[in-house]
Amino acid sequence: MLLTISYTAGQSATDLGYLLHKSPYRVHSLEQVFGQTHVFYPEISSDCCTAVLTLDIDPVGLVRNRRGPSGEAHIFEQYVNDRPYAASSILSVALARTFGTAFTGRSKERQELADKALQLVARIKVVPCRGGESLLKRLFEPLGYETSAKRHPLDEKFPEWGESPYFTVTLKSTIRLSDLLRHLYVLIPVLDDDKHYWVGDAEVEKLLRHGEGWLREHPERELITNRYLKHQKGLSREALSRLIGEEEPAADEIAEIHTLQEEAIEKKISLAEQRIGAVMAALRSSGAKRVVDLGCGEGRLLRELLRDKAFTEILGMDVSHRALEVASQKLRLEDLPAMQRERIRLIHGSLTYKDKRLAGYDAATVIEVIEHQDPPRLASFERVLFEFARPRMVVITTPNVEYNVKFETLPTGKMRHKDHRFEWSRAEFQSWASGIVERFGYSVRYLPVGPDDLTLGSPTQMAIFTIQ
């Protein structure tokens, strides 16, 4: 069983040793219940450093140290299996025990590096994936990884036997090392759909702890939860309840209430209408005909797009089923004439999950949406929109936190919407947008939306990205 982690940098790639708390200049061996783990570095240079974690598993000891299947019929099964060779929950346990401090994101000597997103590549030699390559992508790509997988045949000498469920997997991302380790810890057993030890209440706590900051928004969170907890319905219900609440519709209703509260704060200056007007003006001036509205909510922009015959194809996407139902009702889609109805579609989907349905549009709009994303999820959103969908123009609006002091009904230090994960200053928004320009080959310009204060700026900030 073999896992490699490579750090590529313009300089000081050997700092990977500080983050893993394992010196690159010697071999590290640790005794485990199932055998031994060894960490060594086959590649050490200033611009690339690779750490290898290999597991030397004692299959006899693994069986004798746990409650295995009993009876003569299972004797052969106990000692002859894929566990010494394939990535499984054993690898997850080894990761946590071998790189325990790295999991926490702490580094006594280089904390600034531990907090930084790094160019990392993880390779797992043999991964059992009960669900094929598509499941691999569904699990890792929403987290911002570029995935590649090579499937192994059952036996190279007998190709007629077909393909095996085993893959060699490569994951590339610009990500914090601690996040990479936590993703691997949770998702490797999910791919295998099994665990080598008893799953009880403690596993719920592990899942919630290592899934903090990313699992709640993952489009496959239910599949991940069920597989990680070995399909124990009671444990899965408890984990999902603590993760997202008892019922998803209830969460939608709460979000709807929060949206109304945000509108009440901004109502005095009719900011919602001004946002729609500014976005429509940008779309019309671009000459776009095919437009996708990401996070379309109840369809306010979609209604304006429908009214303008210049827009020949309109797509609205939202993660909330309830919002899509409300949008369909408010747009009266069932009552539209046939030609009008053919111009618009509503689809359910996540902004952090690669979706072929989003490709090929002239323009994409993302109105007051990004601030609802957890910051670690923005990297996935960026790739989904700017790398994979890649429209000719993208219009993004988000609150300007500097302007919040102008809202009399908003308490000091509070955000406009209770579901906002952040609200950026103008400098923070422009810094983020500049990173998109650099990585994906777009240009950007900024426009104020709403009354423009000489000191504080406008209440809404808008960025218009175009392909150079």
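Reference entry: report on the structure contained in this document. None of these values were measured; they are calculated from a predicted model.

1. Focus on unusual backbone geometry
- Positive phi, close to 55°, is recorded for lysine 230, a residue that is not glycine.
- Within the secondary structure, lysine 230 is located in the loop between helix H10 (221-228) and helix H11 (233-244).
- With relative accessibility at 35%, the residue lysine 230 sits in the partly exposed group.
- The phi torsion at arginine 390 lies on the positive side, around 50°, for a residue other than glycine.
- Turning to its location among the elements, arginine 390 is positioned in the loop between helix H17 (378-389) and strand E12 (393-399).

2. Notes on the side chain of glutamine 32
- Here glutamine 32 is to be found in strand E2 (residues 28-32).
- Residues within four places of glutamine 32 in sequence aside, it is in contact with Thr37, Arg97 and Thr98.

3. Here's the deal with the packing of aromatic side chains
- Following the criterion strictly, the structure yields twelve aromatic pairs and no others.
- With a centroid separation of 5.2 Å and 85° between ring planes, the pair formed by phenylalanine 386 and tyrosine 442 is classed as edge-to-face. With a gap of 56 residues between them, phenylalanine 386 in helix H17 and tyrosine 442 in strand E13 (residues 442-449) connect regions that are remote in the sequence. Like phenylalanine 386, the residue tyrosine 442 is buried in the burial classification.
- When the ring of tryptophan 424 is compared with that of tryptophan 432, the centres are 5.4 Å apart and the planes differ by 40°; the resulting orientation is tilted.
- For tryptophan 432, a relative accessible area of 11% translates into the label buried.
- Sitting over the ring of tyrosine 228, lysine 195 keeps its end group 3.2 Å from the ring centre.
- Sitting over the ring of phenylalanine 388, lysine 354 keeps its end group 4.5 Å from the ring centre.

4. So, the pattern of salt bridges
- All told, the structure shown has 28 salt bridges when counted by the stated rule.
- In this structure, aspartate 15 and arginine 110 form a salt bridge, with 2.9 Å as the shortest nitrogen-oxygen distance. Taken as a pair, aspartate 15 in the loop between strand E1 (2-8) and helix H1 (16-20) and arginine 110 in the loop between helix H5 (100-104) and helix H6 (111-114) lie far apart in primary sequence, 95 residues in all.
- Assessed through its relative accessible area of 23%, arginine 110 is described here as partly exposed.

5. Thoughts on the environment of proline 459
- In this structure, proline 459 sits in the loop between E13 and strand E14 (460-467).
- Residue proline 459 is classed as buried on the basis of its relative accessible area of 0%.
- Separated by 57 residues in the primary sequence, proline 459 and glutamate 402 have C-alpha atoms spaced 8.0 Å apart.

6. Considering the sheet that holds strand E4 (residues 48-57)
- Spatially, the seven strands line up as an open sheet ordered E2-E3-E4-E1-E5-E7-E6, and their pairing is antiparallel. This sheet does not close on itself; its edge strands, each paired only once, are E2 and strand E6 (146-153). Adjacent strand axes in the sheet meet at a mean angle of 15° when their direction is disregarded.
- Bridge analysis of strand E5 (residues 118-128) against strand E7 (residues 163-175) gives nine bridges, and the strand direction is antiparallel.

7. Quick look at the sheet that holds strand E10 (residues 344-348)
- If you walk across this open sheet you meet the seven strands as E10-E9-E8-E11-E12-E14-E13, and the pairing is mixed. The open sheet is flanked by E10 and E13, the only strands paired with a single partner. For this sheet the average axis-to-axis angle between neighbouring strands, irrespective of direction, equals 15°.
- As defined by bridge partners, E12 adjoins E14 across seven bridges and the pair is classed as antiparallel. When the sheet's bridge partners are listed, valine 395 is paired in E14 with isoleucine 464.
- Where helix H13 (residues 271-286) meets the sheet, its contacts fall on strand E8 (290-294), strand E11 (363-367), E12, E13 and E14, and the angle it forms with E12 comes to roughly 165°.
- In this fold helix H14 (residues 300-307) packs onto E8, strand E9 (313-318), E10 and E11, with an angle of close to 175° to the strand it touches most, E9.

8. Structural notes on helix H15 (residues 321-331)
- Residues of H15 that are buried: Ala323, Leu324, Val326, Ala327 and Leu331. Viewed end-on, H15 has its buried residues packed into an arc of 160°, placing them on one side of the element. Seen from the open side of H15, the exposed residues pointing more than 90 degrees away from its buried face are Glu325 and Gln329.
- Where H15 is buried, its residues meet H14, E9 and E10.
- For H15, the capping residue at the N-terminal end is serine 320, with a side-chain oxygen 3.4 Å from the backbone nitrogen of arginine 322.
- Where H15 terminates, the next one or two residues include arginine 332, which has phi positive at roughly 55°.

9. Regarding the state of the cysteines
- Scanning all chains against the criterion turns up zero disulfides.
- Cysteine 49 forms no disulfide, and the closest cysteine sulfur to it belongs to cysteine 48, at a distance of 7.3 Å.
- What makes cysteine 49 buried here is its relative accessible area of 0%.

10. Some points on the nonpolar core
- With 66 residues, the main nonpolar core has Leu95, Phe99, Phe140, Leu177, Leu180, Leu184 and Leu187 as its most contacted residues.
- Here the element with the most residues in this core is helix H8 (residues 177-192); it accounts for ten residues.
- If you look at the next biggest cluster of nonpolar residues, it comprises 30 residues, including Leu351, Leu385, Ala433 and Tyr442.

11. Quick notes on helix H4 (residues 89-98)
- Where burial is concerned, most of H4 is hidden: eight out of the ten residues are buried.
- Of all the positions in H4, only Ser89, Ile90, Leu91, Ser92, Val93, Ala94, Leu95 and Thr98 are classed as buried.

12. Quick notes on the environment of leucine 301
- The residue leucine 301 is located in helix H14 in this model.
- Residue leucine 301 is classed as buried on the basis of its relative accessible area, which comes to 2%.
- Between the C-alpha atoms of leucine 301 and methionine 280, which are 21 residues apart in sequence, the distance is 8.0 Å.
- Once you skip the residues sitting within four places of it in the chain, leucine 301 turns out to touch Ile276, Val279, Met280, Asp293, Thr365 and Ile367.

About the thresholds
Within any chain, residue numbers begin from 1 and follow the written order of that chain's sequence. Per-residue local features are limited, in this predicted model, to residues with pLDDT of at least 70; the limit for side-chain atom pairs, both in listing and counting, is 80 or more; totals at the level of whole chains, interfaces and linings are taken over all residues. To obtain the side-chain values, all non-hydrogen atoms of the structure were included, while hydrogens and water were left out. Here a strand is any run of E in DSSP of at least two residues, a helix any run of H or I of at least four, and the numbering for each starts at the N terminus. Whether a residue is buried, partly exposed or exposed follows from its accessible area with a 1.4 Å probe, protein chains only, as a fraction of its type maximum: under 20%, in between, or over 50%, in that order. In what follows, residue pairs with any heavy atoms lying within 4.5 Å of each other are defined as contacts. Classification of ring pairs uses Phe, Tyr and Trp, with its six-membered ring standing for Trp, and accepts pairs whose centres are within 6.5 Å; under 30 degrees between planes counts as stacked, over 60 as edge-to-face, and the remaining range as tilted. Working rule: Lys NZ or Arg CZ, within 6 Å of ring centre, within 35 degrees of ring normal, means a charge sits over the ring. Any Lys or Arg side-chain nitrogen found within 4 Å of a carboxyl oxygen on Asp or Glu counts as a salt bridge. DSSP-based pairing: two strands are paired if at least 2 bridges between them are found. Between N-to-C directions, angles cover 0 to 180 degrees, with each direction set by a line fitted to C-alpha atoms, over the stretch in contact for helices. Along the arc lie the directions from the helix axis toward the C-beta atoms. For this analysis, a polar contact is any N or O atom pair within 3.5 Å, provided that within protein one partner can donate a hydrogen and the other can accept it, and provided that sequence-adjacent residues contribute only side-chain to side-chain pairs. Sulfur atoms of two cysteines make up a disulfide when they are within 2.5 Å. Here the nonpolar core consists of buried residues drawn from Ala, Val, Leu, Ile, Met, Phe, Trp, Tyr and Cys, with membership extended through side-chain atoms lying within 4.5 Å.

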